[in-house]
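Read off the chains here:
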Amino acid sequence: MEVKEKQKSDLNNSRMTLFRFELNRSQTSLFLILSFMGIFMLPFNLAGDIFLNLFQFLFHILPAYLSEPYHYHEDYLIYNFFPILIRIIISIIFLILSIHALRKILRHKNVKHKVKGKTIHQERIVNWLGLKISHGQSLFIFSASLAGIFFTVQHFLEYLLYPFFGFGLLESICWIPNGFPSQSTTDVNLAQNVPLAITAIFFLLCLYSLFIVRRGKPLNPSKKITKNYSILVFIVSIVVFVLLSARIFCHLALFNYEISSLLGISYNAPNPYQNEDFTITISFLCICLALMITSFFLKEKNYKEMKTSDELSWLQVKLTPHRTIILLSSALLYIIFFTHYYLTMIFLYGGVGSFYFNFYYIILIPIILFCYYPIGKILKNNRFYNIIKNIDNSREFKTNWFKFDLTKTNSVILLSVSSGLVGLYIYQLLLMNLYGQSFLQDLPYSLSLYLLFSFPAMTVIICLILVVIVYTIKKTLPSIKFSK
């Protein structure tokens with residue numbers, strides 16, 4: 001009997017591992033939130049690429065090319081087809097990763113799993129670009145780097161296949177004011193190669209980060225670690241630093257005779273507009289460098305458990321454990337949605353000084369910061385761990401969701417994410433309705449008849465997702481009615 005009880009105790013203390021990272025209870029809950037979001041958000045992106053972009057290629061671009069191929073470039077079909085295929089493949093990869101994480105977390109029934117290779121333990125501290133980061137911060141860097149690799153690969157392949165597919169941020173870096181404020185100059189070689197070089201640098205940084213957080217040499221656990229917000233400041237600063245460095249290189253390549261001759265680029269005489277832009281670029285580069293240096297000094301003690309206040313409020317509203325998870329899930333959902341939307345607009349359409357860049361910078365950045373505020377507050381000083389522990393110790397609750405047995409904590413998490421997704425998909429449904437009505441008004445003059453099927457198909461998919469979301473809410477709603 002004693003042996004059986006000891007074995008049962010050992011099983012109950014078994015830790016969850018994901019991608020070889022050992023997860024505590026709060027980290028497991030965070031990955032459950034993220035994986036559940038991915039499973040419900042990625043199918044809509046896939047449907048858009050298939051029913052809108054792929055169908056446009058199959059039923060509009062391809063027939064037009066086959067009817068008069070001599071009017072088009074020989075690689076015209078490749079330029080239009082492969083970017084769509086790349087986006088579909090990347091979305092499928094993220095969807096598979098989300099399903100894998102969700103299944104592993106929900107099926108983790110206190111059973112020890114055999115992990116191939118060495119497990120990355122909670123106490124591990126590593127040196128990442130000179131910053132001392134904890135295990136939880138390593139998880140964040142790992143997740144962000146993994147997403148960054150796919151994002152940079154997608155952008156690299158799209159640009160490699162079609163160098164002038166858009167005038168986005170990377171392309172606009174190469175265009176320097178010359179003569180009049182509304183006119184710019186560049187060289188073909190710069191416009192083609194500098195964006196590729198920037199993308200390659202970002203890819204190498206992400207690859208380096210993945211290697212360091214997984215295989216980097218662990219440091220003394222007693223060392224001070226970097227604060228969470230300083231890591232975000234450092235990441236944003238280093239990204240802007242690389243972009244500004246590329247713009248300075250373009251300045252030197254275009255307006256310095258020796259460097260222009262060395263690179264085989266046509267020399268341009270300096271002018272007041274170029275000098276002003278060069279001065280502004282140098283100023284912002286120095287600011288980014290100062291922020292990066294400051295990040296090395298923003299540290300805190302590495303306490304395994306930190307004392308925190310039992311009361312937590314947001315905008316003067318007292319947060320119960322259930323409200324806290326709902327707020328955290330909603331904030332994570334919308335910060336991912338708006339950040340992805342913002343990056344897409346900036347890198348594809350938001351050139352330096354353009355209307356799109358200024359508009360989305362003014363509108364979306366405050367929204368992203370507003371979403372980050374509750375995330376930073378809840379995750380600070382181990383608060384989220386205490387909240388999860390509080391719910392785990394409350395009255396027992398179990399329910400069944402698509403053959404998964406959900407505990408109370410997992411039920412509250414799924415309920416929280418589903419509540420946020422309802423608003424997002426109702427917005428998408430209204431947006432699809434507006435697009436459909438606009439298309440029907442132009443139907444007699446439209447050549448895109450495939451949209452007669454695409455818009456209804458997209459609407460059906462949104463409705464199916466909403467049905468699953470409502471079902472999830474119905475199954476998990478009783479979890480918040482149980483108190484201690």
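Residues numbered from 1 in each chain as written. Predicted model: local features only at pLDDT ≥ 70, side-chain atom pairs only at ≥ 80, totals over all residues. Heavy atoms only, no water.

Glancing now at the overall build of the protein chain. Within the protein chain, the regular secondary structure consists of 14 helices and 12 strands. Within the protein chain, contacts between residues separated by at least 24 positions form 80% of all contacts whose residues are at least 6 apart in sequence. Entry remark: accessible area of the protein chain is about 26,700 Å², with carbon and sulfur atoms responsible for 65%. (Helix = DSSP H or I, 4+ residues; strand = E, 2+ residues; numbered from the N terminus. Contact = heavy atoms within 4.5 Å. Areas by Shrake-Rupley, 256 points an atom, 1.4 Å probe, with all protein chains shown as cover.)

Relative to the assigned elements, G136 resides in helix 4 (residues 135-161). Spatially, the C-alpha atoms of G136 and E123 are 9.7 Å apart, while their sequence positions differ by 13 residues.

At a closest axis distance of 9 Å, the pairing of helix 13 (residues 408-441) and helix 14 (residues 451-476) adopts a crossing angle of 160 degrees. As the angle between them shows, helix 13 and helix 14 are arranged roughly antiparallel. In terms of crossing hand, the pair formed by helix 13 and helix 14 is left-handed. A breakdown of the residues in the contact of helix 13 with helix 14 according to their chemical character gives 20 nonpolar, 8 polar and no charged. (Axes fitted to C-alpha atoms, helices over the stretch in contact; angles between N-to-C directions. Parallel < 35°, antiparallel > 145°, perpendicular 65-115°, else oblique. Left-handed = near helix turned anticlockwise from the far one by under 90°. Nonpolar A, V, L, I, M, F, W, Y, C, P; charged D, E, K, R; others polar.)

What follows deals with the nonpolar core. Nonpolar side chains tend toward joint burial in soluble globular proteins. Ranked by internal contacts, the top residues of the largest apolar core, which has 98 residues, are W128, I133, I198, I325, W401, L421 and Y425. At 12 residues, helix 2 (residues 25-67) tops the list of elements feeding residues into this core. Apart from residues lying up to four places away in sequence, W128 is in contact with I133, I141, Y208, S209, I212, I231, F234 and I235. Ranked by size, the runner-up nonpolar core spans 8 residues in total, among them L54, F57, I61 and L95. (Core = buried A, V, L, I, M, F, W, Y, C linked by side-chain atoms within 4.5 Å. Buried < 20%, exposed > 50% of the residue type's maximum accessible area, 1.4 Å probe, protein only.)

On to the packing of aromatic side chains. Under the criterion given, the structure shown has 20 aromatic pairs. Ring centres of F57 and F81 lie 5.2 Å apart, and the angle between their planes is 40 degrees; on these two criteria the pair is classed as tilted. Placement of the pair is F57 in helix 2 and F81 in helix 3 (residues 76-106), with a sequence separation of 24 residues. The partly exposed category is assigned to F81, whose relative accessible area is 26%. By way of ring pairs, the aromatic residues F36, F40, W401, F402, F404 and Y471 are connected into one cluster. (Phe/Tyr/Trp six-rings, centres within 6.5 Å; stacked < 30°, edge-to-face > 60°.)

On to the pattern of salt bridges, then. The final tally for this structure, using the stated rule, is 2 salt bridges. R87 is paired through a salt bridge with D49; the nearest N and O atoms lie 3.3 Å apart. With R87 in helix 3 and D49 in helix 2, this pair connects stretches of sequence that are 38 residues apart. The exposure class assigned to R87 is partly exposed, which follows from its relative accessible area of 23%. D49 gets classed as buried once you look at its relative accessible area, which sits at 8%. Taking the shortest distance from any N to any O, the salt bridge between D277 and R247 comes out at 3.1 Å. Highlighted residues: D277 in helix 9 (residues 272-295) and R247 in helix 7 (residues 228-255), separated in sequence by 30 residues. (Salt bridge = Lys/Arg side-chain N within 4 Å of Asp/Glu carboxyl O.)

What follows concerns helix 14. Here helix 14 spans 37 Å end to end across 26 residues, near enough to the 38 Å set by a 1.5 Å rise per residue. Those residues of helix 14 not exposed but buried are L451, S454, F455, A457, M458, I462, I465, L466, I469, T472, I473 and T476. Next to the buried residues of helix 14 lie helix 2, strand 11 (399-401), strand 12 (404-406) and helix 13. (Expected span 1.5 Å × (residues − 1).)

Along the chain, R124 turns up in the loop between helix 3 and strand 3 (126-128). In terms of polar contacts, R124 uses its side chain to reach the backbone carbonyl oxygen of V213, at 2.7 Å. (Polar contact = N/O pair within 3.5 Å; in protein donor to acceptor, adjacent residues only side chain to side chain.)

Where helix 2 meets helix 13, the axes come as close as 10 Å, and the angle between the chain directions of the two elements is 30 degrees. Taken together, the axes of helix 2 and helix 13 are roughly parallel relative to one another. Crossing of helix 2 over helix 13 shows right-handed handedness. Within the contact between the two elements, helix 2 uses R25, S29, L32, I33, F36, M37, F40, M41 and F44 and helix 13 uses T409, N410, I413, L414, V417, S418, L421, L424, Y425 and Q428. Looking at side-chain class alone, the contact of helix 2 with helix 13 contains 13 nonpolar, 5 polar and 1 charged residues.

What follows deals with unusual backbone geometry. Within the chain, F19 stands out as a residue other than glycine whose phi angle is a positive 55 degrees. When you line up the elements, F19 lands in the loop between strand 1 (16-18) and strand 2 (21-23). A positive phi is found at K403, a non-glycine position, where the angle reads about 70 degrees. Locating K403 in the fold gives a position in the loop between strand 11 and strand 12.

Right, let's talk about a nonpolar patch on the surface for a bit. Taken together, the side chains of Y229, V233, I280, F284, I287 and L291 present a nonpolar region at the surface, about 530 Å² in accessible area. Residue assignment for the nonpolar patch shows that the elements contributing at least two residues are helix 7 and helix 9. The greatest single-element share of the nonpolar patch, amounting to 4 residues, is contributed by helix 9. Its place among the elements puts Y229 in helix 7. Residue classification places Y229 among the partly exposed positions, given a relative accessible area of 41%. (Patch = residues over 30% accessible without salt bridge, like charges linked within 9 Å, V, L, I, M, F, W, Y side chains within 5 Å.)

Scanning the model with the defined rule gives 0 disulfides in all. Left without a disulfide partner, C250 is nearest to the cysteine sulfur of C174, which lies 4.1 Å away. Given a relative accessible area of 0%, C250 falls into the buried group. (Disulfide = S-S within 2.5 Å.)

Moving on, we get to the side chain of S230. Tracing the backbone shows S230 in helix 7. Looking at S230, the relative accessible area reads 0%, which means it is buried.

Of the residues in the protein chain, 84% reach a pLDDT of 70 or more, and the chain-wide mean stands at 80. Per-residue pLDDT, averaged within each element of the protein chain, yields its smallest value for helix 1 (residues 2-12) (39) and its largest for helix 14 (90). Across residues 1-13, where pLDDT falls below 50, the model places 5 contacts with residues more than four positions away in sequence or in other chains. Low pLDDT, under 50, characterises residues 305-309; the stretch is placed with 6 contacts to residues that sit more than four places away or in other chains. (pLDDT = per-residue confidence, 0-100.)

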